[in-house]
Each structure stands twice: as C-alpha cells, then as structure tokens.
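Topology and contacts: notes
These are the residues of each chain, in order.
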Amino acid sequence: MSVTARAVSLLAAFLVVAGLATFVAIYFIGGASAMPTVHYAASGGQVNVVLQEDPQNDSSSKPDWVSYYVQDPASQNWVHTTLFSVPAGTRVNVTLYGYDGCTPLRNNYFSQVQGTIGNTVTYSQFDQHGKEYVTDKTTQVINAWSDCNVGHTFAIPGLGLYVPVASPNAELSANNLCSESPCTTSGNPYAKETFSFISPAHAGVFRWQCLVPCGGGFIDGNSGPMQTLGYMMGEMDVVSS
Amino acid sequence: MAIETQQDRTQPAGGPPLGGPGGVLRPWFLRPGAHLGVLCAAVGYLLGHLLGNFLSSTYAQNALSDQNDIPVVLGYTFATLGWLAGLGVFNDLGRQMLGRPLLAEVRMGGGEAGLSKYFRYTLDHKVVGIQYLYGMIAYFLTGGLFAMAIRSELLSPSRHLLGPSQYLMVVGEHGTMMMMMMSSVILGPFGQYFGPLLIGSKRVAFPRIEALGFWLTPAAYVILLSGVLFGGFPTGWTGYEPLSLQATTGEDAYFFAFGLMGLSMILAGFNMIVTIINYRAPGMRWSRLPMFVWSMFTVSFLQVLAVPVLVGACYMGLMDRTFQTAFFANQLGGSSFLYEDLFWFFGHPEVYILALPGFGVIAEIVSVFCRKPLFGYRVAAAGMLGVGILSFFVWQHHLFDSGINPDMRPLFMLTTELISIPTGFIFLVAMGTFWKAKIRFTVPMLFALAFYFNFLIGGISGVFLSDVPADTTEHGSFFVMAHFHYTIMGGLIFAFMAAIYYWLPKMTGIKLNEKLGKLHFWTMFIFFNTTFLPLFALGLMGMPRRVFEYARNLETLNDWVSISAFCLGVSILIFLINFVMSMLFWREPEVGNPWRSRSLEWQLSSPPPPENFKRVPVILSSPYDYGVPGALPVADLNPPPGVIGAAYAGASGVPSGVSGVEA
Amino acid sequence: MSAAEPPAPSPAPSSAGPRHGRRLFVIWLVLSLAACLLIWFVWKPHLPPGTMSDAARHQQFDIAVLAVSAAPVVIFVLLYFVYAIVVWRARPGDDSDGEPTYGNTKIQATWIVGTTIIVLWLFVFGTVELVVPAGAGAGQGPAPIWKLDGATSSTWTPNTNTMLEVQVIGQQWTWTYRYPQFGGMESSELLLPVNTPVEFHVTSLDVIHSFWAYQLGVKADANPQVDNVAYVTAKALGSVTVRCNELCGIWHGAMYNYGHVVPPTEFQSWARGVQAKEQANGILAALPPYALTYDPTVIPQMGKNLIKIDGITGAAGYYYPPSDPVTP
C-alpha cells in the first residue's frame, strides 16, 4: 500500500477506536449521572424529605424491581431517583410512604431504630380504602419477624442511621398491593412513617441502602434493585449551606 | 524424533494447487474469514437469544428479577459457534466427515500474499503468531485503558468519578482482561511463531488446533467486553461465589469468556507439548533445547493440567446461574469454598503460566547480549520444571484467612516458600551469565535487566505473602496488588517488550526505532516503579483491594500513584507509536542477524520462508556456545542426503540406515 | 544421555577472579549490615500493623525479621547486577564474545544450599510466629487449632482471665457484632476490653466478606454458614479500623466502621447497658437465638405468615420459582 493509503487507514482505524472508547466512557459516566438529584433546601432551620418505596417501578427494562421514589419539593412530583441532597448541620425530617408488602429482614437486629432523634419512628398504617388501622404509633422496634409489618429499611450506615420502614400488614400485602408506579395513597394500602435526624456538619456524600433482601429472584435477595442506583440504594449529598 | 518427510497426504494426486476442485480462487469476501465470522457470530447470537427466550420464558424467577441468563448464555454459545464456522474452522472437519478431499494445503504453504491471510483460519504457525501479536497488543491496551479509569477514580477518596457499580465493573474488566487474555501474551506471538523454528521443525504438530486456539481469543475478548453492556460484573477477576451467583447478567459474560479462553489455553498447550516432543530436528537433544522452548514446554503442561479445572469451575458457575443448581451456594447445600479451591487450583498455575515464558525469553536475550553461554543450563531447566511442578502444590496460600481448616497452613507456607528456590535459579543463571561478560545495552537487553529488577521485588514480596502471620495484614490489600503487578507486569510485560524488540525484525523484516525504544524503556521502567512501589506501603497501611473509598491520610500517596500511572500509560503510548510508525511508515528493513545471535531462528531469512526450512536441519551444537573457540555453527541447514542417519549414528551409536531418512 | 556441559573447564580463579568476588563480598557485607541495622532499629517500631494487640505485635516482629532476612538477598542481587552493568559492559568497538563458562558446580551448589537454608529458616520462623500468638490473628475456621488460653464462660467479668466471645456478623454492607456473654445482644459498634483474650466468631449472612481489624491484626473471612474463629488480645486503648476485605458487592469499598478498645470496666458497663436497652425495647427477644452460624431463611417466629418456597423464605429472594414442581 502506498504511504497515503496507509496513513488514511491508520487515521480511520484510530478514529474508530477512539470513538468507540469515548462512547463506552460516556455510556458509563453518563449512565451514572443520568439520574437527577433532588435538592432539598432548609426552611426554618429544618428540611423535609419525602420518600416512598413501591413494589414496582416505571422503568421499561426492569418493571418488577422494587424501587424508592423521591418527591421533588418544588413540584410535588415523584421522581424515580435515589439521589437527594440536604444542607449540612440541619434537622432533617423524613416522611416515608411504604407501599411494598412485608418481607422478613435478613438480620432482625435492624428492626430496631437507630440514629434518629429519640431513636424512635412514628408510623401509621392505612388500608386500600383509606382506613387508618394503626395511628401514629411511636416505637423503637418494628419487629420484622413477629408480625408482617416491615417492608424495607432506610439505612445510612455512615451516620449510624437504621430505620425499618413499615408496610401494609400480611393480609393486605398478599392481596391488594399497589400495582402502579409511582404509587398514590388513594386505592392502595400503605404505611406512612416519620422520623428525624441531624445531618452531619461537614459536606460529603453518604450512601444509603435497604437492608431487607428485597431483590426477588436473586439468591439472598441482595442483588438487582438492591445493588442498582435508582432503585433500593442511593446517595445523600450533604452540602454546606 | 519425527521428521516431516511426507507431503500432506490429503493432497489429491495431481490436483490443482489452489482453491477447490474448480481450480479458481473465490473472491475474498466469499472465502471463510473474519468478516464472515463476525456475520455468523451476530446471527448466532440472535438465534441463541431467541432460543433461550423460548426455552426459559416460563421461569417465574425471571418475572421477579426481570433478568434471564439463559438467552444470554445460549446467545454467547451460538455466537462463538457462528464465529468459528464463519472462519472456516469446521470446514475441514465437515469435508472429512463427508468423505470429500480436503482443500490443498496452500494455506500451510502460505501461498497467499498480502494481509488477508491474517484474517483467516490459517495453518501456518507463523501467521498464527502474528495474529496473536496484534491480538495481544489490542487486549493489553484495552485492559490498560480500564486501569487508567481505575486510577482516575482512586485520585480522591470522597469525590467519585464513577458510580459504585461502574467502578466494580471497571475493576473486574481490567483484572479479567489482563489475567485472562495475557496468559498467552508471550506464548501466543512468540511461542507459536518461534517454537517450531527453534526446534528445527517445519510445522507444529496440530496446526488446526493451534489456529483454533488463537481464534477463540477474539471471541473471548468481545464476550468479556460485552459484559459492559449488561452492567458489568461485580466480582473482580476471581469471580467468588456466592457474589457471582447474586450478580446480574454481566457475570455470564465473565464466566463464558473465561471458559473460552481456558479452552484456547488447553488447545495451545496440548499442541505445543506434542510439537516439542515429536518435531525436534535431529541433533536437537533435550540438552540443547533453547531455554525459551523449555519454558514453553513446562507451561504447556501447566495449561493442559490446570486450566481444565478452571473450565469446570466456570461451567459449574454458569449452571448455578442459569439452571439454579447449587454447586457453590452455602445456603442451598453447596460450598463457596469449593469454588475458591477450584479457582485457585487453576489460579496459581495460571500465574506461572504468565511468568514462566517471561523467564524463557529473558534467558535467550541475556545470553545473546552478554555474548556468553547461558550459565548453568541444567540449573535453569531444572528451575523451570521445578517451578512448574511446585506450582500445583501452593494454591492454599490464597486461602490462608478464608476459614478453611488451619492444619495445612504450615505445609502450604513451606511449599510456597520452596517455590522461591527454583525461581532463584533464574537469577543464578543470569548472574552467572553476567560474570565477565561483554554486555551490550540494546533495547531488548535493557528490558531484560529491568525484568530482573522487577521480578526481584515481586518475588521477595511473594515471600512476605507466603508467611502466614505477615499475610494476615497483607492478604487482600494493596500489598498483594503491588506483588502481582511487579511479577506479572514488571516480569511478563517487560519480557514481552524485550521479546518484541528482539524478535520483530525476524518476524517482519522491519525493526523498531531504537531511539523511541530507549525512550519507551526508560519511561516505562521509571514510571512502572513509581506507580507500583508505593502500593506496598498503601497495602501495609490498611487499604484493601477493589475499594473506591480509602482513609484520608492515604490520599497523597494514591494521588502520586495515579499520576505515575497516567505517565506509565503515556509510556505505553510511546511504544504504540513506535510500533505503528515503524511498521506502517518508517519500515526500516532489518533482514540479517542484527543481534549476531547463534540461535537457529536467526540463521533463516527475515521473515522466514513459508515452510521454515527448505530441508530439515541437523543440529550440531548448543545455541549458547558464544566465545567458544572453534564452536560449530548451531545447525547445518543443508545437510547432504544420508547425513541425517550419520548424525544419529555419531551421537548415540545407532547404526546408520535408520528409517526416516529424507530423500 | 549425553552430557549437557561440553568439556570446558570451570573458571579457575584467575588474577581477575578473586578481585571481583572479594570486592562484591565486601560491599555486600557493609550494605547488608547497614540495611539490617536500619530495618531493625529505625524502621521496625513503625512497621505496620503496629503494637496495639499481641497479634499485631507478633506480625510486626515477623515482618521485621522477614525484611532483615530478605534484605541481604535483595542487596546481593541488586549489587551484583549494578556491578555487572558497570564493570562488564562491552566497551565501544569491542565486538568479541565473553569468556565461555557453562557452569560452576561449586557456585551452583552453594546457591542451592544457601537458598534452601534461608527458605527453611523462614518456614520454621513463620510457623513459630503462627502458632505462638494463637494463629497470628488469622481466621482459623470452625475448628481452630491455636487458641489463646482464657477461661470460657457463659458470662464475662472483667479482670478474670475469661475469654470474651464476640461474634462478627457481616452482611451486605455493614458489620454488626453480637456478644453471647451479654444475653446475645447485638450492636453496630465494636467495643473491646483491653488486656482480655478475645475470641472472634466471624460469619456472614449472605456473601463472602472479610473482617479486617487493622490495628488488632485480625483478618478472618466471613462466609455464609461457616464460623471462622480468630483470637486476639488487645494491649492498648484506642480506635480500631474495621474494613471489609473481600469483595462483597457494590458497597464493598464503603463497608467499614470503627471499633474501640476501652478499659474493662467501661466495656462491661457499656455492654450491660446495651443489653438492658435491647431487653427493654424487645429487640433482644426478636433476634434469633445466638448460634455460631445462621440460616436467615429459617424464621420460626413467623409461623404461618411465612411464605416458604422450596424451604426458602422471601428473605432469600425467592430464588427458586414458586411454580417449581419440586416445591411441596
């Protein structure tokens, strides 16, 4: 081949490879940041974070994976993400709606509330007609093994925060669970839980996860949604105010 | 000692030399080759995927997990079969089964000019060697890119470039790409190319098996990379259960690719053993065998004996993932220790499969550039064999803290430390060869010296790891990382670079630019050491492997390592530039014997003729007889008729007239 | 079989020979002595993993001895190479070959014997350092051979030589600790009393993790349904970094916490306090009974609420499909 032909084919090959490598790199990094972060701002020295966990989700590739949703404070819409940010050194009040049915915890120790203010959570349970059959129960323990009452947990191990999330009871879990996503309170049984904690003084990224093995179809139930951002694990960004 | 004395018996008498019975060569795109292979692979994947969906769509587990491994695994299987079929691997088999004559062996004779033969299923071991060379460089560079991504992520313990699953994906891809594909980085390009040349043979014993061994590697490479599309695999290159059982679909890519590469290694090893035992030229006694051939011989045994265990483990892992068997899941009655044992029973000989060819190549190079015989030839050969044999008895040192019974720990500590004795022979041989030598610092020799320096550090750190109390802190930390990067990258890859600079003129008739080569050497050596030496400290200071968050006080050291690693990447880029520019544009010819080596392959033209030797040579002396006054040349390339019998008679007292004399 | 070595004479020490050898020997001796002294007196006190526990101290000693044994070897090889590069390089324009030596039986034999002696020494020393500090902090599996001597008792009191049992439970992706001698209470914090023999039982609830308490010099893999025992005695107060050392999934890199070594009485009051708190809020009764390994899929408390498929509850993720014909 002549020198020009060689140079051209070399350039072409280089561009192809470089293009492929760039595409793959962006596909990775782009993939990681494709999820939006919901930003919560403080009002009156406190911040209100609203989350829910659903038995199914609205993604097209993995519709049967359980998933958390975060409510955008401005639009009140549910965003399919698990990334949110709170200001540093503030009291964070979390409201969690649990729509998914009960599953026993792998380690029942995490039925105990840790790391919240007062080490308690307060929860209420509603059936699909809206009847509140448990009202504002404040407790240190929601036993995942004695009654069917815990669906998932919300844990930020870096802060020592472990909170079991209440769920509809056994009978409702077996029959009437929410089948849409994101779920709404009308027509679906759910549990509503509130707790508070103080966000750390320094900025940083804190991972959070669920400790109930809710990845159905995977051994130990700890894969799938449990190991994918945007479903049952996420990051809480603490930003300095 | 068999001599290839007969023409390939499949050539139909008086038949046309080219193409099929029609006598006309079909156009390039209709003959089997890589292009057809890609097409058939794509079709095969789709077929397999459809079949898998059809077979397994009723599994309720898939309804829960929204993932199905069976279509993916079947897809890979059919894709590989399609790839091989498109290449024409099964064509001769088919012809034999149908009782039709095989195509004339024009491929063996290298009758095709031009580049297209490198994209075909060819039976010339030299073409296979060149195919391996380009393949291995491509795989190495891909793995290296992943390494750059890892070091970018590790620049900061708190700011993350990659998400946690992306990071694990990158770590797994880098490790598996390197450990899996680099097992043939010297055996492929140089072993397949120079094995027959060094023993004076015109061919390998099983050219079809050898070519198949090569063509499995691009399939393994693509399948491994396709794991990225499925989100990767979170287990690293070791694939420990039950995490690999828990992983999503990307893990299938890992097990399947590793299994394919394992098959490739087994085939290559098998072919090489038979070739070395049976195809040595007359006069090529075991005591005159070049050290590189000794290393190939040992490694081929390791491949044939250890790799099937890996293929078994990968197969069982795939069965666990697709058919919900429970070989390795403790919770379901299996044993995760079984996987660890199977994997490491392979894994330890694997690292010697990686390291030993490096020893062999470097021994060749050292002798040439010291212009002295190899000191302690028998000791060197014993070292190779000793390392090979002992490597089967040490694998538990990867499992010292794992919860297996502790009573064997002192034993495995002993065997692992014993392995350092035959490894030390390599150094003894080098040091003896240096004694009162005339050392010439060509680029291959520089890499050889760096090899010894790196392997010394790597080997001594291995002794630290073999000591069980010290291993308690060092296991699974960056200390181990530094150890194996020193032995494998500092050893094997430096040896690969030495071999490329040494042998490329012979393989292609073109030499690599020397100035760029020296620049490449110095940058690679310096930045390699600045990258990996601090990792020993990092490990001892408590940083485990495969983590993306580490203690804040280790950040400075990690930054130093990352920047060094980027510079190391630049040095590899210099090599790539040198390679590409020399091969494509500068093309400085080098057709003689520039290193004035006595070795047999240098007595031929560059590149060697298609049939290697016009006549089977008679080996007259050792290739290492430098400085011996009145030494015979290494071989007689034109033995007159009847001399072969005489050579036998003279050497071993067998009367002449022995059968097999070439007419 | 014909001889491998052609009949070339082994090099008789010419006038040049001893000079090289002696030179090398002297330089090596000086450098090695200097290195060994430096390693032992300057570097050893700072060697990881420190002296916070007996296991760590023994490991530190072991690493120092290894370094001192290895340094002369490394120096010898490096020195020889540097010497060779400097002294035996081909002078420009010199194209001749070197002096042909095929081998020297004496040197080869000395080398083999020498390396064997070093290796055997390291083996003996390593075995001693493994056995004496009760397994050197490494996990020994369910049937440990090298144990600390402390009395075993179902309750623990400070300042008696009672072994404290601590169960380390690894789960994706956090560590918890159970103290059977305090009613089997569980805690996310690791506290240990100083100067007390501790028996760690490391296990996992899902995949393989590895408990690495760096300053204590303890490393034991946590395997599901396997009890991995490791022994240590903490000798100094302070904080201990606990990291997961075996890739366990996505948050492996973030699976760490900090333990503390405190005075025994403080430890006892902390443990009793946690036990009381967990008894009061009912979590202690809710935990499975203390066992050396757990099958988290077996939950007797859930009775008929438990959905079991093929013997596996939802806590195992419904691994087998409910429509599996084998399911009872």
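One structure accompanies this document, and this report is about it. Only a predicted model underlies this, so the values are computations on that prediction, with no experimental measurement involved.

Residues and elements named next belong to chain B. Of all hydrophobic cores here, the largest spans 358 residues; its most connected members are A257, A380, F447, L492 and A498. The element that contributes the greatest number of residues to this core is helix α18 (residues 478–508), accounting for 22 residues. Look past the residues within four positions of A498 in its chain and what remains in contact with it is V361, I362, I365, P444, F447, A448 and F451.

Time to look at unusual backbone geometry. Cis rather than trans, the peptide bond between E241(B) and P242(B) has omega equal to -10 degrees. Of note, the amide linkage connecting P48(C) to P49(C) takes the cis form, showing an omega dihedral of -5 degrees. Among the structural elements, P49(C) can be located in the loop between α1 (17–43) and α2 (54–87). Notably, N195(C) is not glycine yet its phi reads approximately 55 degrees, a positive angle. Along the chain, the position of N195(C) falls in the loop between β4 (190–193) and β5 (197–204).

With that settled, the discussion passes to the interface of chain C and chain A. Counting residues at the interface gives 33 residues for chain C and 30 residues for chain A. A breakdown of the residues in the side of chain C that touches chain A according to their chemical character gives 18 nonpolar, 13 polar and two charged.

Residue and element names in this part refer to chain B. With their axes 10 Å apart at the nearest point, helix α3 (residues 69–87) and helix α11 (residues 250–278) run at an angle of 30 degrees to one another. By the criterion of interaxial angle, the relationship of α3 to α11 is roughly parallel. Remark: the crossing between α3 and α11 carries right-handed chirality. Where α3 approaches α11, its residues D69, V72, V73, Y76 and T80 are matched on the opposing element by D252, F256 and L260. Class assignment of the residues belonging to the contact of α3 with α11 gives a composition of five nonpolar, one polar and two charged.

Residue and element names in this part refer to chain C. Reading across from one edge, β4-β10-β9-β6-β7 is the order of the five strands in this open sheet, with mixed pairing throughout. Both edges of this open sheet fall to β4 and β7 (218–222), since each of them pairs with a single strand only. Taken over all neighbouring pairs, the strand axes of this sheet differ in orientation by 20 degrees on average, direction set aside. Relative to strand β10 (residues 256–262), strand β9 (residues 238–244) runs antiparallel, the two being bridged by six bridges. Bridge pairing in β10 links V240 to G259. Against the sheet, helix α4 (residues 264–280) contacts β4 and β10, and its axis sits at roughly 140 degrees relative to β4.

Turning our eyes to something else, we now look at the interface of chain C and chain B. Taken residue by residue, the interface counts 85 residues in chain C and 82 residues in chain B. Elements that contribute at least two residues to the side of chain C that touches chain B include exactly α2, α3 (105–131), β6 (209–213), β7 and β9 of chain C. Considered class by class, the residues forming the side of chain C that touches chain B number 46 nonpolar, 29 polar and 10 charged.

With that settled, the discussion passes to α11(B). The end-to-end C-alpha separation of α11(B) is 43 Å, in line with the 42 Å expected for 29 residues at 1.5 Å each. Most of α11(B) is tucked away: 24 of the 29 residues are buried.

Glancing now at the environment of V163(A). Residues and elements named next belong to chain A. Here V163 lies in strand β10 (residues 161–166). Between the C-alpha atoms of V163 and C178, which are 15 residues apart in sequence, the distance is 22 Å. Non-local contacts of V163, meaning those with residues more than four positions away in its chain, are made with V113, T116, V121, T153, F154, A155 and F195.

To continue, consider the environment of V77(C). As for its placement among the helices and strands, V77(C) is situated in helix α2. Residue V77(C) is classed as buried on the basis of its 21 C-beta neighbours within 10 Å. A C-alpha to C-alpha distance of 35 Å links V77(C) and E246(C), two positions 169 residues apart in sequence. Once you skip the residues sitting within four places of it in the chain, V77(C) turns out to touch F427(B) and L456(B).

What counts, and where the lines are drawn
- Residues numbered from 1 in each chain as written.
- Chains lettered and ligands numbered in written order.
- Predicted model: local features only at pLDDT ≥ 70, side-chain atom pairs only at ≥ 80, totals over all residues.
- Core = buried A, V, L, I, M, F, W, Y, C linked by C-beta atoms within 7 Å.
- Buried ≥ 20, exposed ≤ 12 C-beta atoms within 10 Å, placed from the backbone.
- Helix = DSSP H or I, 4+ residues; strand = E, 2+ residues; numbered from the N terminus.
- Contact = placed C-beta atoms within 7 Å.
- Nonpolar A, V, L, I, M, F, W, Y, C, P; charged D, E, K, R; others polar.
- Axes fitted to C-alpha atoms, helices over the stretch in contact; angles between N-to-C directions.
- Parallel < 35°, antiparallel > 145°, perpendicular 65-115°, else oblique.
- Left-handed = near helix turned anticlockwise from the far one by under 90°.
- Pairing = 2+ DSSP bridges.
- Expected span 1.5 Å × (residues − 1).

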